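Here is how the chains run, residue by residue.
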Amino acid sequence: MPATKSPTKSPVKQASLFSFFNKKSTPTKPSSPKPASSKPPSSSSPVKKSPPKKKNAWNAKLVSQVQIGTRLSVLWPDDDEYYPCKVTEQKSGTTVFTLLYDDGEVETLDLAGEVFKVLEDAKKMKKKVEKDKKNKVESRQEETQKSEEASRKRRIMEDSEEEFDMDDNESDGGSVYEDKPVEDEEEEEDSWMVTDDEENDIPISMNNSKRKLKVIPENNNPPNKKRKESKVMTPLATLAAMPSDDSADSRFLTPAAPSLQSKTSSSTKSSNKGASTKITPSPRPLPTPPTAPIPPSSSPPSFEKGVVNPAGAHFHNHLSFLQNPRDAQNRPPSDPCYDPRTLYINYAEMEKVQGSKLTPASKQWWEMKAMYADTLLFFKTGKFYEIFHMDADVAVSVLGFSYMKGVYAHAGFPEIGYGNFSSKLIAAGYKVARVEQTETPDMLKERQKASRVGQKPKVVNREVCSIMSAGTRTFCYLDDVKSLEKGDENGGGNVYGPLLAIQEVEVGKHEGEDGGGVKPVCEYGVTLVDAVRGVATVGQFADDVLRSRMNTLLTTFGPSEVLIQGGENGASSELLSLLKSAQSTSSRSMRIERVNDTEMFPKSTAVDPAIRKQMERRSSHVKPWDVDETLQELHRRGYYPRSSRKADSSGDKTSRWPEVLRACVNGGATLALSSFGAVLFYLQRSLIDGEILSMGIVKAYVPPGSPSASEGDGNGEKRDAVENLKKISAEEERKEDGVDLSSGGGKSCVGSGKSPSNHQEVDFGSMDGDVAAAIAAEAEIDHMSLDGTTLSNLEILTNSHSNTAAGSLWSKINHTKSSHGSRLLRAWLLRPLFRKLDIERRADAVEELACGGAAVAMSEARLALAKCGDIERLLSRVHSMGGAGSNGNNPTEPGYHPNERAVLYETVTHTRRKVGDFSRLLNGVRAAAQIPELFSGIDIQSGLLRKIVHTTAEDGCFPANLNERLDWFFDNFDCKRAAEGLFEPARGMDDTYDAACDTIERIEQDLEDYKNEMCNGPLQPSSLAKSSWKYANTKEGSKDKYLIELPVSVRVPADFYVKGKRGSGAKQVNKYRTPVVEQLVEELEAALDVQRAGKARGMQLVFAKFDSMRSIWAATAQATAMLDALGALAETAGKPGFCRPAIVDCPPNGRPCIQVEQGRHPCVEVTHMGGDFIPNNLSLGGVTGDNGNGGDASRVLLLSGPNMGGKSTLLRQTCLITILAQIGSYVPAEQCAVTPIDRIYTRLGASDRILMGQSTFFVELAETAAAVRGATRRSLVIMDELGRGTSTFDGTAIASAVVKHLVERNKCLALFATHYHSLLEDWKEEASVRLGHMECIVDGGDEDTAKDVNDEEEEGESTSGHNITFLYTLGDGVCPKSFGINVARLAGVPEEVLGKAKAVSSKFEKEMNGSLRTRKISPANAIALRKRIEAALQEENWEEAERLFCDLQ
């Protein structure tokens, strides 16, 4: 049967982008005679889209002419085009032929049912082949000559074609594009080069004969034109196979490769465009090298020249050193010290496989790849980034690119697409290196001339300018910032989390409890870097066997990239398991990178030796984790101000460093400094160390919670360092919390570390030792502690089912308008306040903004806050654009960073982006400056709010005179002209530039004075000299400036010498030069050079001037962030059903309490319609009152009730209401009163940690252990169904013991949900324990439908008569049953199973209730029962002993 050509599907030829250029072209017309056709000669109509299905005599006659080797052109009806092919095989005795299309696709067809043309018969084809052989040498010579001639005229880099002909013997491989005359290229490149892809989202296609992109109006189909076939089809990019909803940069794509798989006659000619454009996601863990080893038993397919080779059939697939890689030290991956960042290159093998020597450009690529083996190289050639070899495999897989023709895997895209494509690769888990040309061909020629020793350079110099990964993205002007503008749903306005480095040291083995705490088993030093904002955070802490503090850190920050120590003494298996577990549950993708004890630092490829010395480390082998080497490098690079200008200074060289680093150095926090060293190494490799560290923002990290894993182990210096970090962290937190902004207008709390409410006279002598210690510890607490387990169980940041922010507590209160305000509110949520005065101060501000006199002003202020943008991020960008970090923090000095030397072509776009960032920052600060004016004239009662919205001139914290400071920048920086590249520095901005301008003006005046002097003196006739004197070549770029033009008839002095002339005879005009003018011109040229340099760095100087005032702008950002966060809480307060909670003090002799009337879950209520959510009342501990005493004495609620009755919801909502109350927010209740809670412990849900080797029951007990060990009288503990992971008896025993410990030892507030009814019975008489249950209504009578398990007649009887209505209200007492059968029915368990289950449940219940002589053992009767057993044994009453034994079973 002939192959079916379904008109309802797109043809296969359109599935590949390459067919867009090859297949849809009009076939080359053969020479006479005119080709025969399968259509009858009488037919003059055009080719129809439906081919004839019937065989006819004419077609049979034409088929008879076809034989092996015949050239055909076959009609594809869906395309309405003929495609040329060659007959390679015929099935014996049939009209079925195998065709090889010109693009390499193979197809088997029955030609009797096809429309086709015979292009040439076999004889003519043979003659043509012979003729081609004769002219082969001549053709090659002509093509080579044309190519070389055009290459010399190309405006794009002269070396972009010659140097990247990766194989000297292959004319159409590598990066060779079809040439064109230079006079056309400049105009055409300007017509297709899109300068701002973010603004002009229009589809683009490419003309295949020239390297030109054609703009096509959106939503319009391209014209259906025939294209002539071209001998060399190597277009760079096309839009045809990319999704229409992709970003603008997807217009510039390497065309997709055609399918090279053979199809049988039964296959349909349909296409799947999605197949060529689908972006393959990379796994979250550390990506493996792009080229996977090939088993020795198999070998890759051979590659062919001049065609598009498929994946796995390229040059690099035949290199054994890539299939079995080794690092630069020749170590295999199995070696513990293997360095995946380097690669051993076997150049001899490459030349053997290639059959020729490597070209200089190819060798340059491999030399860079050897230093950056784990990184994809975007290799700049002219205006395009080229991707080669194994990197191209990744680009094809992830970006939907296709290979170009040639034996080398090769793809590419224009410079403007860098941000889009690098973002996709980073999101897939890869690292991307941007390799730029740092000299032009002219500069290369000059270097070649200056090279007198050794081999002259043959290619332009290239340098790695940046390496981007998930944790090192700074989002500069080259990057795609769309993801940042969308914001991060997890808060903070950053889609990418920070970079985290962890140094781990084991300090001992777990030895059980140690004074109520856990003996530390390890100690961590951590450094986090937020590359977007240029903020580093350093900490050091001990941790327990569960790594609970590290888990909290990972949950809180959500890092995108983690550096761990490699080698034999690297990270422990426990840490690796924890990181892998975090990878699987994190809302962000997280990379794990190993950094060995000794690493090779890449060599700089800069031409200037001085720059190379500055860029490289002192030794090529560095020790990233070594503290001494880290400190030496910090001093050498000068990221932070030096303390002395004397080289031999022996004093404290870190006195001007950030306070946190200084505390680590002076206190001996070696682990923290070690992790900082690893970060320094990684940032230096990524070439972003200067712009981040020079910001000088280093914060301290202290894990939340009491020091159960004591940092006291170790020497005194280490303890001092940790204590200093705690003090610094406490000061930073008080500043962010607004605690230092006292209501009285002064900073009474600064430095004290305590709020005034904590200064109470307490008689510790009359207290028990443990009680006195607990009360003393309370005085040191500033915040409620929320560990990682609590954050996850309560779904505070993310939900538990999709790990996104939707439905979390954070999503319900985040009503901020700015990114920096969002980050601050998130920080408040993670560390709720503990001191009553601090909570009430913030709540006062929220109340006044919600319903006080400031509410109207706040509504207007929120509009201004929405215009602020992310001030903190933009400050970091301006700091970098001001030249800081790349030139020793001196913008007037030339920078050593490769970006300063990179040859970029999209400078218009880049300049526009730079100016855009600066303009947004200026306008954002201008909008923020309106806030004090909006609140002026309002009688603000809240001291905190008054401080925030008043300027420093009014005893507030908002910077004063902001508008005046901004006016200078608005007056001296025209954003519109600057975006067009026309900016000139204003007077007073740059003294050197001003001096050059003054010099130019003076010289021009001196030249005019010299003219007047000469015309009035030596020159004769004077009148003719005055009227005809003219200075020639006065433009800035002219040569022989200021030649004096005078008629030949004017008599001149002897020092006037002729440099040239024009005209002849009496009309001749001589061009003179004099010593005076020559000297002035020399001064002028020097001044013009200085002026040009000043213009070039003019914007940089403006940015640097703005950056010098960063403390003012940062204070503005802090004030606006605090107002924005308070405004978000005020928005929450305005919701119906929310009230302000009363914060109750808890004196040493008082009892903590929680009282909630008509409380609701803050997250669940939003997802229900109207009043679906049932509110509840809850009362635990002492009632509200002046002394905090009296009322209900119960501290523990034992909660029972049916499954799905709302127990877990009640537990969670109580915790969330407490958290909201302590961040100063209103809560979803009619009334609420709480004493501040110091920590919340949770034991909820059922999940294992399989990657850490922890079962579900182990996780339950680990969470329980944390609560039992750490809970104090001010803690809140919730436990849901503890003990269900083991047998009923063991579970009951554990649950009972835990309740006993909470009641008698911890004396904390607790909610304990359980189905163990015997546990409820044991504690019903305890005054400190309250019994409650979730109420329900049962219809149908359970007892009447109970069945005997042995009653087979009723065994399958339906139990559908039971109907349970959940009331979701909390009632007193015990719920008699759990009604688990009802949940089984709702889950769809078959009725037969339900019937059996009900019968077994009834029998077991009767046994437990004692109906079958089962005796219940409780603490009350255990002693008596024991005495009865002992008496029976002594009396040898074996019957009684047996009965008692059976009862116990």
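All of the points below concern the structure found in this document. As the structure is a prediction and not an experimental result, all values here were calculated from the model.

**Brief notes about the overall build of the protein chain**
- Counting secondary structure elements, the protein chain contains 48 helices and 41 strands.
- Burial statistics for the protein chain: of 1449 residues in total, 52% are counted as buried.
- Considering only residue pairs separated by 6 or more positions, the protein chain has 72% of its internal contacts joining residues 24 or more positions apart.
- About 64,200 Å² of surface is accessible on the protein chain, with carbon and sulfur atoms providing 50% of the total.

**Things to note about the pairing of strand S40 (residues 1329-1339)**
- Here strand S34 (residues 1196-1200) runs beside S40; their pairing, made up of five bridges, is parallel. From the neighbouring strand, serine 1200 faces S40, where its bridge partner is histidine 1333.
- Pairing geometry for S40 and strand S41 (residues 1363-1372), over seven bridges, is antiparallel. Looking at the pairing, glycine 1332 lines up with aspartate 1372 of S41.

**A few points about the packing of aromatic side chains**
- On inspection of all chains with the given rule, the structure shows 35 aromatic pairs.
- Ring centres of tryptophan 76 and tyrosine 83 lie 6.1 Å apart, and the angle between their planes is 80°; on these two criteria the pair is classed as edge-to-face. There is no split in this pair, since tryptophan 76 and tyrosine 83 are both buried.
- Between the aromatic rings of phenylalanine 1056 and tyrosine 1072, the centroid separation amounts to 5.8 Å while the plane-to-plane angle is 65°, which identifies the pairing as edge-to-face. One end of the pair, phenylalanine 1056, is in the loop between strand S27 (1043-1047) and strand S28 (1057-1062); the other, tyrosine 1072, is in strand S29 (residues 1069-1073), and 16 residues separate them in sequence. For the pair phenylalanine 1056 and tyrosine 1072, one class covers both residues: buried.
- Every member of this aromatic cluster is reached through a ring pair, and the members are Phe918, Trp968, Phe969, Phe973, Phe983, Phe1103, Phe1106 and Trp1113.
- The ring centre of tyrosine 82 lies 4.3 Å from the NZ or CZ of lysine 117, which sits over that ring.
- Lysine 363 extends its terminal NZ or CZ atom over the ring of tyrosine 347, reaching a point 5.9 Å from the ring centre.

**Remarks on the sheet that holds S28**
- Here four strands make up an open sheet; going across it, the order is S26-S27-S29-S28 and the pairing antiparallel. At either end of the open sheet lies a strand with only one pairing partner, and these are strand S26 (1030-1032) and S28. Neighbouring strand axes in the sheet, compared pairwise and without regard to direction, differ in orientation by 35° on average.

**Thoughts on the environment of isoleucine 345**
- Looking at where isoleucine 345 falls in the secondary structure, it is placed in the loop between helix H8 (320-323) and helix H9 (347-354).
- Residues isoleucine 345 and alanine 328 lie 17 residues apart in sequence; the distance between their C-alpha atoms is 8.0 Å.
- Filtering out sequence-adjacent residues up to four positions away, isoleucine 345 remains in contact with Phe321, Met350, Trp366 and Ala370.

**A look at the sheet that holds strand S19 (residues 522-530)**
- Read from one edge of the open sheet, six strands run S22-S21-S16-S19-S20-S25, paired in mixed fashion. Of all the strands in the sheet, the pair left with one neighbour each is strand S22 (591-595) and strand S25 (697-701). Averaged over all adjacent pairs, the angle separating strand axes in this sheet is 20°, with direction ignored.
- Pairing of S19 with strand S20 (residues 535-543), which is carried by nine bridges, proceeds in the antiparallel orientation. Bridging across to S20, glutamate 523 finds its partner in alanine 542.
- Seen against the sheet, helix H19 (residues 659-667) touches S20 and S25 and runs at an angle of roughly 60° to S25.

**Here's the deal with the packing of helix H33 (residues 962-972) against helix H39 (residues 1110-1133)**
- Where H33 meets H39, the closest approach of the two axes is 12 Å, and the angle between their N-to-C directions is 125°. The angle between H33 and H39 places the two elements in the oblique class. H39 is crossed by H33, and the crossing has left-handed handedness. Counted together, Leu962, Arg965, Leu966 and Phe969 of H33 and Ile1112, Trp1113 and Thr1116 of H39 form the full contact between these two elements.
- Grouping the constituent residues of the contact of H33 with H39 by class yields five nonpolar, one polar and one charged.

**Here's the deal with the pattern of salt bridges**
- What the rule picks out here adds up to 58 salt bridges.
- Salt-bridge contacts for arginine 920 lead to aspartate 917; the nearest nitrogen and oxygen are separated by 2.5 Å. With arginine 920 and aspartate 917 both in helix H30 (residues 907-928) and three residues apart, this pair spans about one turn of that helix.
- On the basis of relative accessible area, arginine 920 is assigned to the partly exposed category, the value being 41%.
- On the accessibility criterion, aspartate 917 (7% relative accessible area) is buried.
- Salt bridges here are not isolated pairs; linked through shared partners, they connect Asp339, Arg341, Asp374, Lys431, Glu561, Arg591, Glu593 and Glu599.

About the thresholds
Residues numbered from 1 in each chain as written. Predicted model: local features only at pLDDT ≥ 70, side-chain atom pairs only at ≥ 80, totals over all residues. Heavy atoms only, no water. Helix = DSSP H or I, 4+ residues; strand = E, 2+ residues; numbered from the N terminus. Buried < 20%, exposed > 50% of the residue type's maximum accessible area, 1.4 Å probe, protein only. Contact = heavy atoms within 4.5 Å. Areas by Shrake-Rupley, 256 points an atom, 1.4 Å probe, with all protein chains shown as cover. Pairing = 2+ DSSP bridges. Phe/Tyr/Trp six-rings, centres within 6.5 Å; stacked < 30°, edge-to-face > 60°. Lys NZ or Arg CZ within 6 Å of the ring centre and 35° of its normal. Axes fitted to C-alpha atoms, helices over the stretch in contact; angles between N-to-C directions. Parallel < 35°, antiparallel > 145°, perpendicular 65-115°, else oblique. Left-handed = near helix turned anticlockwise from the far one by under 90°. Nonpolar A, V, L, I, M, F, W, Y, C, P; charged D, E, K, R; others polar. Salt bridge = Lys/Arg side-chain N within 4 Å of Asp/Glu carboxyl O.

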